[in-house]
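# Remarks on the overall topology
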Amino acid sequence: MTDTQKIGRNGDRTAREVDVVVAGAGFGGLYALYRLRGLGLEVQVYEAGSDIGGTWYWNRYPGARCDVESLAYSYAFSRELEEDWDWSERYASQPEILEYAHHVAERFDLRRDIQLETRVVSAVYDEARGRWTVRTDRGEEVSAQFCVMATGCLSARNIPDFPGLDRYSGRCFHTGDWPEEGVELEGRRVGIIGSGSTAIQAIPILAEQAGELFVFQRTPNFSMPARNTPMDPDYQKRAKASYPAFREPFVSGMFGLDFHPNDRLGASASPEERNEVFEERWRAGGLGVVGAFADLFVDEEVNEAAAEFIRGKIRETVHDPEVAELLCPDTPVGCKRPCADTNYFETYNRPNVTLVDIRNAPVEEITETGLRTGGRHYELDCIVFATGFAAMTGALLRIDIRGRDGVKLAEKWAEGPKTYLGLGVEGFPNLFTITGPGSPSVLANMIPGIEQHVNWIADCMVYMRERGLRRIEATPEAEAAWVEHVNQIADRTIYPTCNSWYVGANIPGKPRVFMPYLGFPRYVAKCEQVVANGYEGFRLES
Ligand code: FAD
Ligand code: NAP
């Protein structure tokens, strides 16, 4: 008998019973534990990693940092927490964000209900009992009325199935599982595969550390200088003095991000006026260029003007014109997640950095000593996979989740994820997903998104308790209508037009479906309306 089992009333061995199992102890799981425990519920959190922090525990690669201002990428639920934590930089680094997660866990005594190094491997709904049986990779079994999946949108690592990978004799790492002790790269020949946000942060630092760096790029990306600075103490003080007002622009724009969205239409501005706005935002740093005009995501010409502006910056920065052209993206701006960098394009002027185009000549094989592409072999002491994640659905589908009638979530989502509000799934009663597909999630500042989801779920549990309700499940009609709505909104924009992880295109065989919901404020209003109408679109039963 494991310590999570106990003797039942009749002397039989039964799984330990809790009110809620939460899978994951990133910012989602931590806040879920805080809120649900606050309702007097017994909550058990399981975390696969050997510490809390989620993204910020796993992604310890050199250069990892947030590109949402630190003061906004933080919890808003506790005034005291806001007061007693100071950020040291405009954009916080991974170690500082992880320290913040630790601070939150200590401050609210969260660790006692979190079991680390424990992966949830299955969750099976027992219809007769109206409970979930959750099993872990340690062989434990626990029974819960509710399951809250806080497993993360960007936590299931993607390592492409390159031929020969298993015979490589050098060291290789995925950026999302970087060794805690760091990696000694001095004098080494290092290869990095990928040119997404992660690679763009890591490359400038790897180039400083390594003897030689080879960047294997399939698709170039738009990146803007972050212009990170030490935190101005006066700025921090002013922000904290009126924190809700400071946070407001980070949640009220379409993206809930600090794009500083402009109400003005690019279509009605002259080319010179557009460039002035782009330039001003480029100088200010961060992702502001993307918010330069209200129609940038819907008007191809305005988008192309922004694209050409950034390409101009790349050509100005990178000395070798051929390398500059290879770095110039040909996708619309923002269609893939835009990146913020520190000296990314400048790094290609270093004599120890080589850009290798693998778009036209994909990786043929990994050999014992390196990588072969385009008919050439690159000898490498170390390969870094900055190849991203099975985003949005990967972590959920790696768990054997079975709902009513034994239906597997993987079967239900065979043609792409279907949810109602990214919170619930028809056929899977009492299972909630935090920032699930169909919610703004990755298209918003994720901490406010997480808080909004957890608050909605907690309020729902209170509502059910007060009315003696035991079961909540999305209706098929509401779910179908929501999926259609998510797609309709996305189809009006440039988002579905390129091969991004938003549409699952980074994973061979993954159905091409735009997964996040576009429009954080509109989404919040919809969630509130659902509640005001007695959880419209959900079936509630006693
Ligand atoms: P996560 O932090 O991913 O935590 C999920 C946890 O669940 C993980 O620890 C994982 O180990 C655990 N888990 C998964 N499956 C299981 C299982 N079966 N059993 C037990 N445990 C499990 N967002 C922003 O808003 N701004 C940013 O600038 C930003 N930068 C980012 C930079 C990087 C490198 C990455 C990868 C993501 C970034 N994000 C950013 C998104 C980031 O993921 C979220 O902001 C936020 O940290 C997500 O928190 P979470 O708790 O939902 O998920
Ligand atoms: P990503 O954006 O998915 O980038 C992965 C890279 O690997 C892409 O360049 C991709 O090329 C390449 N790749 C994947 N499979 C490949 C293959 N088989 N062959 C060759 N190349 C391959 O992943 P990420 O950079 O880790 O970022 C994921 C997300 O995490 C971001 O979009 C963002 O939301 C978040 N993040 C944020 C920050 C930040 O600054 N705040 C930093 C890091 C991450 P293709 O483009 O051609 O697919």
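A quick note: this is a predicted structure, and the numbers were derived from the prediction, not measured.

Bringing the packing of helix 8 (residues 271-284) against helix 9 (residues 300-317) into the picture now. It is at 10 Å that the axes of helix 8 and helix 9 come closest, and there the two elements cross at 55 degrees. Relative to helix 9, the element helix 8 is oriented oblique. Relative to helix 9, the crossing made by helix 8 is right-handed. In contact with Arg274, Asn275, Phe278, Glu279 and Trp282 of helix 8, helix 9 contributes Glu301, Val302, Ala305, Ala306, Phe309, Ile310 and Lys313.

What is meant by a disulfide is a covalent connection between two cysteines, made through their sulfur atoms. Counted under the stated rule, the structure contains one disulfide. The disulfide bridge from Cys335 ends at Cys498, spanning 2.1 Å between sulfur atoms. On the S-S bond that ties Cys335 to Cys498, the torsion sits near -130 degrees, and the link is left-handed. Note that Cys335 is positioned in the loop between helix 10 (321-327) and strand 12 (339-341) and Cys498 in the loop between helix 15 (476-491) and helix 16 (520-532), a separation of 163 residues in sequence. The cysteine Cys147 is free of any disulfide, with Cys460 supplying the nearest cysteine sulfur at 14 Å. Considering cysteine sulfurs only, Cys498 is the nearest to Cys339, which forms no disulfide, with 12 Å between them. Classification of Cys339 as buried rests on a relative accessible area of 0%.

All right, on to the site of ligand 2 then. Close to ligand 2 lie 24 residues, the nearest being Ser195, Thr198, Arg218, Thr219 and Lys336. A distance of 3.3 Å separates an oxygen atom of ligand 2 from a polar atom in the backbone of Ala386. Here ligand 2 loses 88% of its free accessible area of 900 Å² to cover by the protein chains. Here the element with the most residues in the shell around ligand 2 is helix 5 (residues 197-209); it accounts for three residues. Taken together, the residues of the shell around ligand 2 break down into 10 nonpolar, nine polar and five charged.

Basis of the calculations
Residues numbered from 1 in each chain as written. Chains lettered and ligands numbered in written order. Predicted model: local features only at pLDDT ≥ 70, side-chain atom pairs only at ≥ 80, totals over all residues. Heavy atoms only, no water. Axes fitted to C-alpha atoms, helices over the stretch in contact; angles between N-to-C directions. Helix = DSSP H or I, 4+ residues; strand = E, 2+ residues; numbered from the N terminus. Parallel < 35°, antiparallel > 145°, perpendicular 65-115°, else oblique. Left-handed = near helix turned anticlockwise from the far one by under 90°. Contact = heavy atoms within 4.5 Å. Disulfide = S-S within 2.5 Å. Buried < 20%, exposed > 50% of the residue type's maximum accessible area, 1.4 Å probe, protein only. Near = heavy atom within 4 Å. Polar contact = N/O pair within 3.5 Å; in protein donor to acceptor, adjacent residues only side chain to side chain. Areas by Shrake-Rupley, 256 points an atom, 1.4 Å probe, with all protein chains shown as cover. Nonpolar A, V, L, I, M, F, W, Y, C, P; charged D, E, K, R; others polar.

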